[in-house]
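A structural walkthrough
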Amino acid sequence: MMVIGITGGIGSGKSDVLEYLHDQYGATIVKADEVAKKLQKKGTDQFQQIVELFGADVLDGRGALDRKKLSQIVFSNNDKLLKLNQIMHPGVKTEVKRMIEKEEKKGTNFFFIEAALLLEDHYEEICEEIWYIYVEDDIRMQRLKYARGYSSEKAMSIMKNQESKDAFFKNCDRVIDNNSTFLETTEQVDDIMKTL
Ligand SMILES: CC(C)(COP(=O)(O)OP(=O)(O)OC[C@H]1O[C@@H](n2cnc3c(N)ncnc32)[C@H](O)[C@@H]1O)[C@@H](O)C(=O)NCCC(=O)NCCS
Ligand SMILES: Nc1ncnc2c1ncn2[C@@H]1O[C@H](COP(=O)(O)OP(=O)(O)OP(=O)(O)O)[C@@H](O)[C@H]1O
């Protein structure tokens with residue numbers, strides 16, 4: 001089984017590329033954001049630690065994590081973001097490794113793990129290759145505004161907590177340019193898949 005990482009900044013189209021790999025190539029796909037969300041459910045170790053650190057202010061009326069509130073706090077305070085990362089990232093990686101083992105036993109051909117933070121969290125340790133989905137900041141901002149209703153300020157506050165384009169170019173094994181149409185992107189993906 002080949003384990004491949006898909007990375008890039010927020011709004012670069014990682015989820016769309018992942019979906020294409022699943023639909024077109026039957027790949028097993030995992031999003032680190034989704035793994036993190038499961039680990040933040042009420043009652044988990046991570047949930048307890050988040051409440052201890054951030055207080056009951058980050059809970060909603062039902063006592064579950066209010067992600068919007070937590071998002072506002074951590075993306076405007078780097079120290080708090082680092083602390084949240086320390087709570088979340090080890091558990092996410094352990095869970096991803098467990099999924100990889102499970103898929104290996106099932107005889108899966110391709111396993112793709114997607115996250116904006118693969119480089120910071122050293123996923124090269126578990127991935128044979130890391131692919132960078134490259135889109136310029138202004139285009140990402142436009143797409144996030146249209147698709148998720150993000151303001152430029154919100155998009156920018158997240159972007160500045162992620163790797164720079166230069167770091168992605170330098171450290172990733174392949175670059176997929178998703179600045180233009182998605183059809184052009186899938187052609188690049190197909191060309192790579194032919195070589196694997
Ligand atoms: C801050 C939180 C509560 C915001 O939740 P929300 O539902 O509003 O957004 P969502 O999880 O879909 O994330 C949106 C995007 O923000 C970016 N992002 C998320 N976490 C981080 C982070 N720690 N550092 C930089 N960018 C991040 C990613 O591009 C992500 O796709 C949530 O992202 C979170 O708990 N993050 C910490 C866990 C984490 O680092 N997850 C990423 C993979 S390990
Ligand atoms: N080539 C493209 N042309 C136009 N829109 C695109 C293109 N690629 C992706 N998009 C759109 O841009 C938006 C952001 O893409 P997507 O949600 O896949 O980003 P992401 O990298 O997964 O973000 P995140 O880091 O939050 O997980 C989506 O609405 C997506 O459909």
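Residues numbered from 1 in each chain as written. Chains lettered and ligands numbered in written order. Predicted model: local features only at pLDDT ≥ 70, side-chain atom pairs only at ≥ 80, totals over all residues. Heavy atoms only, no water.

Under an unreviewed UniProt entry, the name given to the chain is Dephospho-CoA kinase, and the organism recorded is Aequitasia blattaphilus. Entered under Function (unreviewed entry) in the UniProt record, the comment concerning the chain runs "Catalyzes the phosphorylation of the 3'-hydroxyl group of dephosphocoenzyme A to form coenzyme A." Recorded in UniProt under Pathway (unreviewed entry), the annotation for the chain is "Cofactor biosynthesis; coenzyme A biosynthesis; CoA from (R)-pantothenate: step 5/5." (UniProt positions renumbered as here; feature names shortened; annotations may be inferred.)

The local shell around ligand 2 holds 17 residues, among which Lys14, Ser15, Asp16, Asn178 and Ser180 are the closest. In this structure, arginine 148 approaches ligand 2 through a side-chain N or O atom, which is 2.9 Å from an oxygen atom. The fraction of the free accessible surface of ligand 2 (640 Å²) that becomes covered by protein chains is 78%. Broken down by secondary-structure element, the contributors of at least two residues to the shell around ligand 2 are helix 1 (14-25) and helix 6 (137-148). Classifying every residue of the shell around ligand 2 gives three nonpolar, eight polar and six charged. (Near = heavy atom within 4 Å. Polar contact = N/O pair within 3.5 Å; in protein donor to acceptor, adjacent residues only side chain to side chain. Areas by Shrake-Rupley, 256 points an atom, 1.4 Å probe, with all protein chains shown as cover. Helix = DSSP H or I, 4+ residues; strand = E, 2+ residues; numbered from the N terminus. Nonpolar A, V, L, I, M, F, W, Y, C, P; charged D, E, K, R; others polar.)

The first and last C-alpha atoms of helix 1 sit 16 Å apart over twelve residues, in line with the 16 Å expected at 1.5 Å per residue. Against strand 1 (2-7), strand 2 (28-31), strand 3 (110-114), strand 4 (129-134) and helix 9 (182-195) lie the buried residues of helix 1. Phi turns positive one or two residues past the end of helix 1, at glycine 26, with a value near 60 degrees. (Expected span 1.5 Å × (residues − 1). Contact = heavy atoms within 4.5 Å.)

Turning our attention to the packing of helix 6 against helix 7 (residues 152-159). Where helix 6 contacts helix 7, the axes come no closer than 9 Å and their chain directions differ by 125 degrees. One element, helix 6, and the other, helix 7, form an angle in the oblique class. Helix 6 and helix 7 meet at a crossing whose hand is right-handed. Counted together, Asp137, Arg140, Met141, Leu144 and Lys145 of helix 6 and Ser152, Ala155, Met156 and Met159 of helix 7 form the full contact between these two elements. Class assignment of the residues belonging to the contact of helix 6 with helix 7 gives a composition of five nonpolar, one polar and three charged. (Axes fitted to C-alpha atoms, helices over the stretch in contact; angles between N-to-C directions. Parallel < 35°, antiparallel > 145°, perpendicular 65-115°, else oblique. Left-handed = near helix turned anticlockwise from the far one by under 90°.)

Pairing within the open sheet is parallel, and its five strands lie in the order 2-3-1-4-5. The open sheet has two edge strands, strand 2 and strand 5 (174-177), and neither has a second partner. Between one strand axis and the next, the sheet turns by 25 degrees as a mean value, whatever way the strands run. Here helix 5 (residues 78-106) sits on the sheet in contact with strand 1, strand 2 and strand 3, set at roughly 165 degrees to strand 3. Strands strand 3, strand 4 and strand 5 of the sheet are contacted by helix 9, whose axis makes an angle of about 150 degrees with strand 5. (Pairing = 2+ DSSP bridges.)

The UniProt feature table records "binding site: ATP" (unreviewed entry) at Gly11, Ser12, Gly13, Lys14, Ser15 and Asp16. Mapped onto the elements, serine 12 comes out in the loop between strand 1 and helix 1. Among the polar contacts listed, one links the side chain of serine 12 to the backbone oxygen of glycine 9, at a separation of 2.7 Å. With respect to the helices, strands and loops of the structure, lysine 14 is situated in helix 1. Its relative accessible area of 7% is what places lysine 14 among the buried residues. For lysine 14, the residues in contact, after removing those within four places along its chain, are Ile6, Thr7, Gly8, Gly9, Glu114, Ala115, Ala116 and Ile133. Within the structure, the side chain of lysine 14 is placed 3.1 Å from the backbone oxygen of glycine 8, a separation counted as a polar contact. (Buried < 20%, exposed > 50% of the residue type's maximum accessible area, 1.4 Å probe, protein only.)

Bringing the site of ligand 1 into the picture now. Close to ligand 1 lie 21 residues; Asp33, Gln40, Arg67, Asn85 and His89 are nearest. One of the side-chain nitrogen or oxygen atoms of glutamine 40 is found 2.7 Å away from an oxygen atom of ligand 1. Look at ligand 1: alone it shows 770 Å² of surface, and the protein chains cover 90% of it. When residues of the shell around ligand 1 are traced back to their parent elements, those giving at least two are helix 2 (32-39), helix 4 (67-74) and helix 5. Counting residues per element, the shell around ligand 1 draws most heavily on helix 5, at five residues. Residues belonging to the shell around ligand 1 are distributed by class as follows: twelve nonpolar, six polar and three charged.

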